[in-house]
Amino acid sequence: MPDAPLRAGFGARLAEAVSRRGPLCVGIDPHPSLLHAWQLGESPQALERFAMTVVEALADRVALLKPQSAFFEAYGSAGIAVLEKVIAESQQAGALVLLDVKRGDIGSTMTAYAMAYLDERAPLAVDAITVSPYLGYGSLAPAIGLAEQNGRGVFVLARTSNPEGVGLQQSVHGSGDTVGQYIVDSAAESNLGKEPMGHVGVVAGATIPAGELDFSDLNGPILAPGLGAQGATVKDLKAVFGRALPHVLPTTSRDVLRHGPEVKSLRDTHTRLADDINHQLND
Ligand SMILES: O=C(O)c1cc(=O)[nH]c(=O)n1[C@@H]1O[C@H](COP(=O)(O)O)[C@@H](O)[C@H]1O
């Protein structure tokens, strides 16, 4: 018998967090260039100082923090230890943690990845992870299933913010829709009937052309990276996402992080951006 769910579904937990703290998701991307700009140099200690400063500044006020795993993995076990601390302290301060790992593998190996991030006993257990569907949406079933069982979530890459994604993701799938739309529609099937929304989100860049994807049946969250450093603006959100805007989690990393290392400056930047987003949403 499967264990009873440990907590409310991820869709409900996310909706509740967003209603209290707003939809802005901030990424923790400790780029080497940012470590230098913060005058920290490059070392596991610098990584920890950087990441924990962001946690101190923002984990008590954002709904969602998104550490980028690659920058932690680059330091081996020392970096993973920092990541564990980031996850624990962010959650303690009330933020949900979406670990950006973009995992995707064949079903049986996907089960191991799911256990690594979505099982209660895992040292790196988080509220949600990013996953890549390019071994087939069905190959993600172990992660989608375990996440649901444990009140956690997944965000499936549908139409990414980078220019290299266009050719593949706009090509026509066997269903007759584009690959990106097929992924959105597959996530919609996973979320069918869930209230207030399901636990399968999609990733769609704020940089994509207006109206390219139809999210009307998704019933799940939309992670929208690309604000700031990649060129998208808060104003673009309305045009790109239209009526799906209430489900959008605008996401940025460098555009906030470059304002460190002072905690106050990071907080002020967050407030400015969050206010701007709030105005767009309620205009
Ligand atoms: O899954 C993601 O978060 C993601 C998807 C996508 O389509 N584009 C994208 O930029 N990201 C991630 O979002 C972050 C963007 O960082 P900034 O460009 O500094 O805001 C990086 O960690 C990217 O890996």
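Let us look at the structure shown here.

Rules behind the numbers
Every residue gets a number counted from 1 within its own chain, in the order that chain's sequence is written. Local features are withheld for residues below a pLDDT of 70 in this predicted model, meaning they are given only at 70 or higher, and side-chain atom pairs are given and counted only at 80 or more; totals for whole chains, interfaces and linings count all residues. Side-chain measures were taken over the full set of non-hydrogen atoms in the model, leaving aside hydrogen atoms and water. Numbering goes from the N terminus for both helices and strands, where a helix is a DSSP run of H or I of at least four residues and a strand is a run of E of at least two. Restricting the calculation to C-alpha atoms gives the radius of gyration, and the globule rule supplies 2.2 Å times the number of residues raised to the power 0.38. Note on areas: Shrake-Rupley with a 1.4 Å probe; residue coverage comes only from the protein chains shown. We score Asp and Glu as negative and Lys and Arg as positive, and we do not count His or the chain ends. Taken as the charge centre is NZ of Lys, CZ of Arg, CG of Asp or CD of Glu, depending on the residue. By definition, a salt bridge exists where a carboxyl oxygen of Asp or Glu is found within 4 Å of a side-chain nitrogen of Lys or Arg. When at least one non-hydrogen atom of a residue lies within 4 Å of a molecule or strand, that residue is treated as near it. Counting of polar contacts relies on pairs of N or O atoms within 3.5 Å, with two restrictions inside protein: one atom must be capable of donating a hydrogen and the other of accepting it, and residues adjacent in sequence are counted only when both atoms are side-chain atoms. Both cavities and pockets are sets of points on a 1 Å grid over the protein atoms alone; in a cavity a 1.4 Å probe fits but cannot get out, in a pocket the set is open with protein on both sides within 12 Å along at least five of seven lines, and lining residues sit with an atom within 4 Å of a point. Assignment of a molecule to a cavity or pocket requires that more than half of its atoms lie within 2 Å of the corresponding grid points. We define the nonpolar core as a collection of buried residues of types Ala, Val, Leu, Ile, Met, Phe, Trp, Tyr and Cys that are connected through side-chain atoms lying within 4.5 Å of one another. Think of it in three bands: residues with accessible area under 20% of the maximum for their type are buried, residues over 50% are exposed, and the middle band is partly exposed, with areas taken using a 1.4 Å probe on protein chains only. Between two residues, a contact is recorded if the distance between any of their heavy atoms is within 4.5 Å.

Examining the overall build of the chain
For the chain, the count of helices and strands is 12 helices and 8 strands. Taken against the 2.2 N^0.38 rule, which gives 19 Å for 283 residues, the C-alpha radius of gyration of the chain at 18 Å falls within 12% of a compact globule. Summing over all exposed atoms, the chain offers an accessible surface of approximately 12100 Å²; the carbon and sulfur share of this is 52%. Distance from the positive charge centre (22 side chains) to the negative charge centre (31 side chains) of the chain: 5 Å.

Side note on the pattern of salt bridges
Following the criterion strictly, the structure yields 14 salt bridges and no others. Ionic pairing is found between arginine 152 and glutamate 120, a salt bridge with its closest N-O pair at 2.2 Å. Taken together, the residues arginine 152 in the loop between helix 7 (141-149) and strand 5 (153-159) and glutamate 120 in the loop between helix 6 (107-118) and strand 4 (128-131) connect sequence positions 32 residues apart. One network of salt bridges, with partners in common, ties together Asp60, Arg61 and Arg267.

Looking at the site of the ligand
Of all residues adjacent to the ligand, which total 18 residues, the nearest are Asp29, Lys66, Ser161, Gln230 and Arg254. The contact in question runs from an oxygen atom of the ligand to an N or O atom on the side chain of glutamine 68, over 3.1 Å. Within the side chain of arginine 254, an N or O atom sits 2.6 Å from an oxygen atom of the ligand. Against a free-state accessible area of 500 Å², the protein chains account for coverage of 90% of the ligand. Put simply, the ligand lies in the largest pocket.

Digging into the nonpolar core
If you look at the biggest cluster of nonpolar residues, it comprises 71 residues, and the most contacted ones within it are Leu118, Ile129, Val154, Phe215, Ile222 and Phe241. At 8 residues, helix 3 (residues 44-58) tops the list of elements feeding residues into this core. Not counting residues up to four positions away in its chain, the partners in contact with isoleucine 129 are Leu98, Leu99, Val101, Tyr117, Leu118, Gly153, Val154 and Phe155. Judged by nonpolar contacts, the second largest core, of 15 residues, contains Ala17, Leu98, Ala128 and Met197.

What about unusual backbone geometry?
The amide bond that connects glutamate 195 to the next residue, proline 196, takes the cis arrangement and shows omega of -5 degrees. Relative to the helices and strands, proline 196 is located in the loop between helix 9 (179-191) and strand 6 (200-204). Cis geometry is found at the peptide bond from glycine 260 to proline 261, where omega equals 10 degrees. With respect to the element layout, proline 261 can be found in the loop between helix 11 (254-257) and helix 12 (263-282). Positive phi outside glycine occurs at lysine 102, with the angle close to 45 degrees. With respect to the element layout, lysine 102 can be found in strand 3 (residues 96-103).

Some words on the environment of leucine 237
Within the element layout of this structure, leucine 237 appears in helix 10 (residues 236-241). Classification of leucine 237 as buried rests on a relative accessible area of 3%. Note: C-alpha distance between leucine 237 and glycine 205 (32 residues apart in sequence) is 9.6 Å.

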